[in-house]
Amino acid sequence: MQKKIEIFTVTLLFLFGFYCALNVGIAWDNLLHIDMGNRRLKYLLSFGNDYRVTTLPSDQKFHPGFYYTLIAFLTKMFPKTYEIETLHLANYLFSISTIFGISKIASELFNKKVGKIVFLLCFFNPIFFGHMAIDQNDVIVAFSNIWATYLIIRYFKNQEINKKRNRYVILTGLTIGLGLSVRLVFLGTLIPIITIFFLDILLLKKLTNKKFAFNKLFVDVIKVLIIAYIIMVSCWPETHENIFILPFKLLIESFDSIIGIPLGLLNGNFYNTVETPKFYLIINLLYKLPEFILLSYLVFVYLILKNKSFFNSKFEFFNTKLILILFIIAFPNLLLWFSPYKIYDGLRLFLYLIPYISIIPGLAIYYLIINYKNHISKILLTAIFSLFAYYLLIFFSLTPYQYIYLNVLSGDFSKAHKKFENDFWAVSSKELVNQIPNNKDLLNNKELKLAFCGAADDNVKLYLKKIKNFQFKQVNWLTEDYDYIIMTNRAIEPNKNEGGSDTDNLAGIKTCFDKFKGIDIITVSRNGLILSTLRERR
């Protein structure tokens, strides 16, 4: 009976995610990466003779592109009308697989009950859920990191079994190659797991099989790197002239590139993305993790201090496993002090962390359930579940834009546009444009001048062109007058007439909402927070 309930629950969750994937709008980079995948697919099918791929923007040379090419191949199996939906569903399936992956890691390190709790916590995390369908980069990094970590754990436990060892080597090579195909620095996300197991081999001798052999490890690492390297360069035309030198040359060049947006908004303060605040990650987690998760962390600290013997008795080598999880979570915070890359868009660049962040609360909730007869455990578990029930109401009310979630620590949610860039993917533009046919004044205006701010022009126009009898002329608000503007609350540079575009001076920085005054004709909002608007200039 319990098994049937679990299957039924997972099915409902899967269908809800499926619904969101089909209904959410186009994200900023979706069309760009589809185009990149299509060009690289043509290049491969022409056996390297179709060089149109080289006309892509110069910064795209830093993207190996295996996943984009795979998506391009998949979209060819369906009508072009459903190209975006196909992309979103593919992303979603990889994301669901990631959640199963973190559940298996938790089951492997602790037990299956903890794994099931972690599965639910990760699925209902608003940051992870909100990105599952729309983010073709960071969900793949998360997928690759989680499954590579799981396979590494299994490898070190079962190296002496040749059949399993060979399978783990091949799968690890494939997952790492997939991760490298969207982020050249993907291997950096595996430093914690590699470090811990390296120390375990040399000193701890707890997580590694007693029959572990260094010579086998050396051979297998070479195999993994070869497989991963082949995957990485296979759809990367810019490296095909010399696949042994050019990938490394482009990696080094990427450190000095200016990819990404110049400005961000963090807890009410604008910042230059090349000088990301050192506590960027902590601030985002503090305000964007649900209250019941934050409480679970406090409860876990209390339980460790009060009854650590419980965890030591239930889980073999608990201390080592806990250090592994904490190191994985803490490591990106250390990298922020040295990273040459721009950091922006909330937690999306750290999406792979969210599944690991779910493990500590999973352990706390597991303890409280097992020790439910204890009076304090009852109180704490009731508090966590009460907050979880409250959170679920908010979670579903934000559909399908869960990634805009902010907890009570952020203050009045309806004014959150002044604290963070909320719909930075601009996925609400679909819902916004779908309301235009209901406005006769817009439809009857045959000389409508329309501008965009904080939303990708091509994405919005894709929806606008589907509206019958709607005519508009796109204009650039920097140089031309406009009648209406479609926008999100992105932070934007001041134009030259307002003192130049020097992002080092943050005094003149505003969001699109604050810069362009007028009357909101159409808006998309959730729980009082406006995500996007069509504003008439007055």
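Note that this is a predicted model, so its numbers are computed, not measured.

## What to know about empty space enclosed by the protein
The tally for this structure, following the rule as stated, stands at four cavities of 30 Å³ or more. If you go around the largest cavity, you meet 15 residues; those closest to its centre are Lys288, Tyr403, Ile404, Tyr405 and Phe424. Here the lining of the largest cavity gets three residues from one element, more than from any other, and that element is helix H6 (residues 126-131). A per-class count over the lining of the largest cavity returns nine nonpolar, four polar and two charged.

## Description of the layout of surface pockets
Considering only enclosed or pocket space, the second largest pocket measures out at about 1100 Å³ in volume. Lining the second largest pocket are 34 residues, and of these Glu6, Lys116, Ile117, Phe119 and Leu120 sit closest to its centre. For the lining of the second largest pocket, the secondary-structure elements that each account for two or more residues are helix H1 (2-23), helix H4 (83-109), helix H5 (112-123), helix H16 (359-370) and helix H17 (375-397). With nine residues, the single largest contributor to the lining of the second largest pocket is H1.

## Considerations on the packing of aromatic side chains
Think of a pair of aromatic rings as described by two things: how far the centres are apart, and how the planes are tilted against each other in angle. Scanning the model with the defined rule gives 44 aromatic pairs in all. For the ring pair Trp477 and Phe516, a centre distance of 4.9 Å and an interplane angle of 75° mean the geometry is edge-to-face. One end of the pair, Trp477, is in the loop between strand E4 (472-474) and strand E5 (484-487); the other, Phe516, is in the loop between helix H21 (512-515) and strand E8 (518-526), with 39 residues separating them in the sequence. Each of the two residues, Trp477 as well as Phe516, counts as buried.

## Regarding unusual backbone geometry
The residue after Thr399, namely Pro400, is reached through a cis peptide bond having omega -5°. Counting through the fold element by element, Pro400 comes out in the loop between H17 and helix H18 (429-433). Backbone geometry places Asp345, a non-glycine residue, at a positive phi of 60°. Position of Asp345 relative to the elements: it lies in the loop between helix H14 (318-335) and helix H15 (353-357). Phi is positive for Ala426, which is not a glycine, with a value near 60°. Relative to the helices and strands, Ala426 resides in the loop between H17 and H18. Judged by its relative accessible area of 4%, Ala426 is buried.

## Focus: the pairing of strand E2 (residues 269-272)
Here strand E1 (residues 263-266) pairs with E2 via four bridges, running antiparallel. Within E2, the position partnered with Leu266 by the bridge is Asn269. Between the end of E1 and the start of E2, which pair antiparallel, lie two residues, with Asn267 showing a positive phi angle near 50°.

## Examining the side chain of Asp138
In this structure, Asp138 sits in helix H7 (residues 138-158). What Asp138 contacts, discounting residues up to four positions off in sequence, is Arg183, Arg348, Leu349 and Leu351.

## What about the pattern of salt bridges?
By the definition in use, this model includes 19 salt bridges. Salt-bridge contacts for Asp35 lead to Arg39; the nearest nitrogen and oxygen are separated by 3.1 Å. Of this pair, Asp35 and Arg39 both sit in helix H2 (residues 30-45), four residues apart, which is roughly one turn of the helix. On the basis of relative accessible area, Arg39 is assigned to the partly exposed category, the value being 24%. A salt bridge links Asp138 to Arg348, with the nearest nitrogen and oxygen atoms 2.7 Å apart. Separated by 210 residues along the polypeptide, Asp138 in helix H7 and Arg348 in the loop between H14 and H15 bring together distant segments of the chain.

Cut-off values and rules
Residues numbered from 1 in each chain as written. Predicted model: local features only at pLDDT ≥ 70, side-chain atom pairs only at ≥ 80, totals over all residues. Heavy atoms only, no water. 1 Å grid on protein atoms, 1.4 Å probe; cavity = no way out; pocket = protein on both sides within 12 Å on 5 of 7 lines; lining within 4 Å. Points joined across faces, edges and corners; volume = space filled by probe spheres on them. Helix = DSSP H or I, 4+ residues; strand = E, 2+ residues; numbered from the N terminus. Nonpolar A, V, L, I, M, F, W, Y, C, P; charged D, E, K, R; others polar. Phe/Tyr/Trp six-rings, centres within 6.5 Å; stacked < 30°, edge-to-face > 60°. Buried < 20%, exposed > 50% of the residue type's maximum accessible area, 1.4 Å probe, protein only. Pairing = 2+ DSSP bridges. Contact = heavy atoms within 4.5 Å. Salt bridge = Lys/Arg side-chain N within 4 Å of Asp/Glu carboxyl O.

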